[in-house]
Amino acid sequence: GAGVSQSPSNKVTEKGKDVELRCDPISGHTALYWYRQSLGQGLEFLIYFQGNSAPDKSGLPSDRFSAERTGGSVSTLTIQRTQQEDSAVYLCASSRIGLGEQYFGPGTRLTVT
Amino acid sequence: AQSVTQLDSQVPVFEEAPVELRCNYSSSVSVYLFWYVQYPNQGLQLLLKYLSGSTLVESINGFEAEFNKSQTSFHLRKPSVHISDTAEYFCAVSVMSGGSNYKLTFGKGTLLTVNP
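Residues numbered from 1 in each chain as written. Chains lettered and ligands numbered in written order. Predicted model: local features only at pLDDT ≥ 70, side-chain atom pairs only at ≥ 80, totals over all residues. Heavy atoms only, no water.

**Re the overall build of chain A**
This is how the line gets drawn: What counts as a helix is a DSSP run of H or I of at least four residues, what counts as a strand is a run of E of at least two, and both are numbered from the N terminus. Radius of gyration here is computed from C-alpha atoms only, and the compact-globule reference equals 2.2 Å multiplied by the residue count raised to the power 0.38. Relative accessibility under 20% of the residue-type maximum defines a buried residue, over 50% an exposed one, and the middle range a partly exposed one, all with a 1.4 Å probe and only protein chains included. A contact between two residues is defined here by any heavy atoms of the two lying within 4.5 Å.
Along the backbone of chain A there are zero helices and 11 strands. Reading the secondary structure of chain A in the N-to-C direction produces β-β-β-β-β-β-β-β-β-β-β. In terms of overall dimensions, chain A is globule-like: its C-alpha atoms have a radius of gyration of 13 Å, near the 13 Å expected for 113 residues. Across its three principal directions, the C-alpha atoms of chain A cover 40 × 25 × 25 Å. Here chain A holds 113 residues, and the buried ones make up 48% of them. Long-range contacts, defined here as pairs at least 24 residues apart, represent 53% of the contacts in chain A between residues at least 6 apart.

The structure is reproduced here in structure tokens:
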């Protein structure tokens, strides 16, 4: 079956614009995670979904960041009024309920100019 | 809160030499331990994991790691590396929270470069 997919693979945006990043998890995986990978901070957890609920949003760096998940499947990470420090690779991972292996997507490389 | 320290940011080795990538963690509760590998321009792939049981875990491509609770370490080893092992390796932990959230805390990564 297909793995985790993310779109777009690359996104260049101007400072101040809003962006939406999409994650399509593996079918049947109820847990979904967003992480961010940047040169300065390494790999950081952003948000966790169980089904459509987000019981852990503790990693979102500011209120400009939000995410939703619909139908227990696709998730969208939205960054409003982008700043240069938002430039990073945004990774999505999914797993079965319980301690399942987290399968990562290829990431979206976001560049804010 | 948990933290992960990978002591070497870069490790250059020659082909067929042994290698050890070091990982130490800090946590006030029990943890699960993972090594992920990221090949150039690719996503993260799980290399191996320690959940419980035997403290020595092995991957299908010859890597192994040993959980040492007293040393709070989970070092990754391979007795003979190949050019194709060139990649960045990340150590990660998640907490045995009893719930369903197994978010990962990662180390900064170690770039393994295998030279001919």
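Now that the structure has been shown, the text picks up again.
**Considering the overall build of chain B**
For clarity, the threshold we go by: In short, Shrake-Rupley with a 1.4 Å probe defines the accessible areas, and a residue's cover is counted only from the protein chains shown.
Of the regular secondary structure elements, chain B holds zero helices and 12 strands. In terms of overall dimensions, chain B is globule-like: its C-alpha atoms have a radius of gyration of 14 Å, near the 13 Å expected for 116 residues. The C-alpha extent of chain B, read off along each of the three principal axes, is 45 × 30 × 25 Å. Pairs at least 24 residues apart make up 57% of the contacts formed inside chain B by residues separated by at least 6 positions. On chain B, roughly 5700 Å² of surface is accessible, and the fraction owed to carbon and sulfur atoms is 49%.

**Quick look at the pattern of salt bridges**
This is how the line gets drawn: One side-chain nitrogen of Lys or Arg within 4 Å of one carboxyl oxygen of Asp or Glu is enough to make a salt bridge.
For the structure shown, the criterion picks out seven salt bridges over all chains. For Lys-103 of chain B, the salt bridge identified is with Asp-56 of chain A, shortest N-O distance 2.8 Å. Taken together, the positions of Lys-103 of chain B in the loop between strand S10 (87-95) and strand S11 (105-106) and Asp-56 of chain A in strand S6 (residues 53-56) put the pair across two chains. For Lys-103 of chain B, a relative accessible area of 28% gives the class partly exposed. Taking the relative accessible area as the measure of exposure, Asp-56 of chain A reaches 10% and is therefore buried. The shortest N-O distance in the salt bridge between Arg-64 of chain A and Asp-86 of chain A comes to 2.8 Å. Taken together, the residues span a long stretch of sequence, with Arg-64 of chain A in the loop between S6 and strand S7 (65-69) and Asp-86 of chain A in the loop between strand S8 (75-79) and strand S9 (88-95) at a distance of 22 residues. Asp-86 of chain A shares its class with Arg-64 of chain A; the two are buried.

**Section: the interface of chain A and chain B**
Inclusion rule: Buried area, as used here, totals the accessible surface that two parts lose on assembly, with accessibility defined by a 1.4 Å probe and the loss added over both. Each polar contact in these results corresponds to two N or O atoms within 3.5 Å; when the atoms are within protein, one needs to be able to donate a hydrogen and the other to accept it, and residues that are neighboring in sequence are counted only if both atoms are side-chain atoms. Classification used: nonpolar for Ala, Val, Leu, Ile, Met, Phe, Trp, Tyr, Cys and Pro, charged for Asp, Glu, Lys and Arg, polar for all others including Gly.
Listed per partner, the contact involves 20 residues of chain A and 17 residues of chain B. Carbon and sulfur atoms supply 58% of the area that chain A and chain B bury against each other, a total of about 1600 Å² over both sides. If you sort the residues of chain A by the area they bury against chain B, Leu-43, Leu-99 and Phe-104 of chain A come out on top, with a joint share of 37%. The interface formed by chain A and chain B includes eight residue pairs in polar contact (both at pLDDT 80 or more). Counting residues per element, the side of chain A that touches chain B draws most heavily on strand S5 (residues 42-50) of chain A, which supplies five residues. Grouping the amino acids of the side of chain A that touches chain B by side-chain chemistry returns nine nonpolar, nine polar and two charged.

**Thoughts on empty space enclosed by the protein**
The line we're drawing: Cavities and pockets were defined on a 1 Å grid built over protein atoms only: a cavity is a set of grid points that admits a 1.4 Å probe from which the probe cannot escape, a pocket is an open set flanked by protein on both sides within 12 Å along at least five of seven lines, and lining residues are those with an atom within 4 Å of any such point. Grid points are joined across faces, edges and corners, and a volume is the space filled by probe spheres set on the points.
If you walk through the whole model with that rule in mind, you get one cavity of 30 Å³ or more. Reported here for the largest cavity is a volume of approximately 40 Å³. If you go around the largest cavity, the residues you meet are Leu-99, Gly-100, Glu-101 and Gln-102 of chain A together with Phe-34, Tyr-36, Ser-94, Tyr-102 and Leu-104 of chain B. Residues that form the lining of the largest cavity fall into these classes: five nonpolar, three polar and one charged.

**Things to note about the nonpolar core**
Residue and element names in this part refer to chain B. Under the convention used in this document: In this description, a nonpolar core means a group of buried Ala, Val, Leu, Ile, Met, Phe, Trp, Tyr and Cys residues linked to one another through side-chain atoms lying within 4.5 Å.
If you look at the biggest cluster of nonpolar residues, it comprises 28 residues, and the most contacted ones within it are Leu-33, Trp-35, Leu-48, Phe-74, Leu-76 and Tyr-89. Taken together, the elements giving at least two residues each to this core come down to strand S2 (10-14), strand S3 (19-21), strand S5 (31-38), strand S6 (44-50), strand S8 (64-68), strand S9 (73-78), S10 and strand S12 (110-115). Dropping the residues within four chain positions of it, Leu-33 is found in contact with Tyr-25, Leu-48, Lys-49, Tyr-50, Phe-67, Phe-74, Ala-92 and Val-93.

**Describing the sheet that holds S7 of chain A**
Residues and elements named next belong to chain A. Worth spelling out the cut-off: At least two DSSP bridges between two strands are needed for those strands to be called paired. Axis definition: a line fit to C-alpha positions, over the contact stretch in the case of helices; interaxial angles, taken between N-to-C directions, run 0 to 180 degrees.
Taken in spatial order, the four strands make up an open sheet running S1-S3-S8-S7, and their pairing is antiparallel. Single-partner strands in this sheet number two, and they are strand S1 (5-7) and S7. Here the strands of the sheet are splayed against their neighbours by 15° on average, with no regard to which way each runs. Alignment of S7 against S8, held across five bridges, turns out to be antiparallel. Counterpart to Ser-66 in the pairing with S8 is Thr-78.

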